[in-house]
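# Breakdown of the fold
Here is what each chain is made of, one letter per residue.
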Amino acid sequence: MGGLVTGGCRVLDRLVVLGQGYVGLPLAMRAVEVGFDVVGFDLDDVKIGGLARGRTHVDDISDADVVAALATGRYLPTMAICDMAAFDVAVIAVPTPLLEGAPDLSFIQSAGQMVAGHVRRGCTVVLESTTYPGTTEEVLAPILERGSGLTAGRDFHLGYSPERVDPGNRTWNFRTTPKVVSGVNETSCQAVQQFYDQLVLCTVPVRGTREAELTKLLENTFRHVNIALVNELAQHSFALGIDIWEVISAASSKPFGFMPFYPGPGVGGHCLPIDPSYLSWKIERQLGNTSRFVEIANDINEHMPAYVVQRVMLGLNQRHKPVNGSRVLILGLAYKQNSSDARETPARQVVEQFLALGADVVVHDTHVDRHPLDDRAARVPLTTEQLTNADVVVLVTDHDDVDYGAVTEHASYVFDTRNRLRADCVEHM
Ligand SMILES: NC(=O)c1ccc[n+]([C@@H]2O[C@H](COP(=O)([O-])OP(=O)(O)OC[C@H]3O[C@@H](n4cnc5c(N)ncnc54)[C@H](O)[C@@H]3O)[C@@H](O)[C@H]2O)c1
C-alpha cells in the first residue's frame, strides 16, 4: 500500500468510498476521523449536494459530523469519477437489491467499472455490499482486471468485508463491532485487514472471500429464520389463548442456549427481506437445491402484514365495526424503531391492505420524510382529535418520541404489534 506512514505504526491512505449511503457514509466519516484522505463518491446528486453543504441523510451520522469532516479538508463528497484518481484503497458499498426475485448485481458491476480505470499496482479494492458467495471473485475481479489490465491478487489487492451496521445501536457502532475481512489470496487479506485495523477495534480474517460473503448471509438468514419462528408461534399462541410475549420473556431467563427474537408486523430494510434470497438463489442456481429454511421464513414473514390486518378486522368486528369505512391510524412507517429508513417497510403493505378493504387510512411518523405510500393514506400529526377519531390505532413501529400516554388516553382501540403499550384499550399481537 502506498500510503503515508505516521508515527511508525499507522498507514494513512487515500480512500475512495463508492456509495455514500447507510453503509458508505459512516465508513467515510470514520476514515476521515482517523486521518484518511477520503473521496465519498455517489451518483445521487441530492445526497452529494447535501453532504457538500454539511447535511446528513443517515440517522447515525449528524450534520455536525459531516461539517467536521468537511472542515478537515480531507473529505470530498463528489459525483466526478476523476476524483477517484490515485486512490490507495477503494471500498464499494452500493445497493444489492432483488430484480424479479433474483440478485441484481448491476450496481456492483457499474461501480466496478467506474473504479477499474483508477486501479493501480499495489492498491486495494474491497467490496462491502451484501451478496452471494463468489461475487468478489467471479463478478467483480474480472471487471477490475479488464478495466485496469492488472491481475487481482498479484498486481493489486482485492477482498470482501461485510458490513454489520445496526442503525441506532449505541453500543455496537462502526468502531466497536468486529469486522470480518478477507482477500482473494493471503496478501490481499493482509492488505484488507491492515486497512480496517486502522478503523475498527477488532478484525476477524477468514480463509477467503466466499467465507466472508457467506458469513454475512448466515448472520442475516439467522435473524430472518428466528423472527419467522416467533412470528409463526405468535399466530399459534393467539389461537391457543397463550401470551407469546410472556413466553419469550420467560424463555429469556435461561442464561444459555436461548436468544430472544420478537414477533412483529413483518421484516423490512435493505437486509432481512432481501439477503436470504441471495443465499437461496445461489444454492438453487449452483447446486439445484432449495433452501427450505429461507423459503419458509420468507413465506411466514411476508404474510405478517396480512396477519396484522386480519387481527384488526377481528378486533373491529368485536366492536361491531366493519373495516370498510373505519378510520385506521397507522403509527410508524419506518421498518425499524427510531429510524427514518422505510425501505421494504411492512407498514406499506399494512396500509395498502387496509386501503384495499375500504378503510380510511391516515399515518403518523415523524422520522420518515419521504412518503413511501399510496397518496390516499394522508400523513397527519398525532393530535387528540386524530386519536379520538380513529376507530383503531395500529402501532406498527414504536418510535420512542411518540406520546404514548396520549395514545392510550384518547384512542378507543389500539392494536399493538410491538408489545409497547399497557392499557385496557390495547390489544397485543
Ligand atoms: N443499511 C444497512 O443497515 C446495511 C447493513 C449491512 C450491509 N448492507 C449492505 O450494504 C450495501 C449498501 O447498502 P446501503 O444501506 O448503504 O444502501 P444505500 O442505498 O443507503 O446506499 C447506497 C448508495 O450507493 C449509491 N450508488 C449506486 N450506484 C453507485 C455507483 N456506481 N457508484 C457510487 N455510488 C453508487 C446510491 O446512490 C446510494 O446512495 C447493500 O449491499 C446492503 O445490503 C446494508
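First, a word on scope: everything that follows refers to the structure included in this document. As the structure is a computational prediction, the values presented were derived from the model and not from experiment. (Residues numbered from 1 in each chain as written. Predicted model: local features only at pLDDT ≥ 70, side-chain atom pairs only at ≥ 80, totals over all residues. Heavy atoms only, no water.)

This brings us to the site of the ligand. If you check the shell around the ligand, you find 26 residues, and the closest are Val23, Asp42, Lys47, Thr96 and Thr130. At 2.7 Å, a side-chain N or O of lysine 47 approaches an oxygen atom of the ligand. Between the ligand and threonine 96 there is a distance of 2.5 Å, counted from an oxygen atom to a side-chain nitrogen or oxygen. Isolated, the ligand exposes 820 Å² of accessible area, and the fraction of that covered by the protein chains is 94%. Residue contributions to the shell around the ligand peak at four residues, all from helix H4 (residues 106–116). (Near = heavy atom within 4 Å. Polar contact = N/O pair within 3.5 Å; in protein donor to acceptor, adjacent residues only side chain to side chain. Areas by Shrake-Rupley, 256 points an atom, 1.4 Å probe, with all protein chains shown as cover. Helix = DSSP H or I, 4+ residues; strand = E, 2+ residues; numbered from the N terminus.)

The next subject is the layout of surface pockets. The space that makes up the second largest pocket amounts to roughly 520 Å³. At the level of elements, helix H1 (24–34) and helix H3 (63–71) are the ones that each hand at least two residues to the lining of the second largest pocket. Looking at the lining of the second largest pocket residue by residue, the classes come out as twelve nonpolar, three polar and nine charged. (1 Å grid on protein atoms, 1.4 Å probe; cavity = no way out; pocket = protein on both sides within 12 Å on 5 of 7 lines; lining within 4 Å. Points joined across faces, edges and corners; volume = space filled by probe spheres on them. Nonpolar A, V, L, I, M, F, W, Y, C, P; charged D, E, K, R; others polar.)

Take the side chain of aspartate 155 next. Relative to the helices and strands, aspartate 155 resides in the loop between helix H5 (135–148) and strand S10 (157–160). Here arginine 154 takes part through its side chain, which lies 3.0 Å from a polar atom of the side chain of aspartate 155.

Attention shifts here to empty space enclosed by the protein. Inspection of the entire model under this criterion finds one cavity of 30 Å³ or more. One number sums up the size of the largest cavity: a volume of about 60 Å³. For the lining of the largest cavity, the residue count by class is five nonpolar, two polar and three charged.

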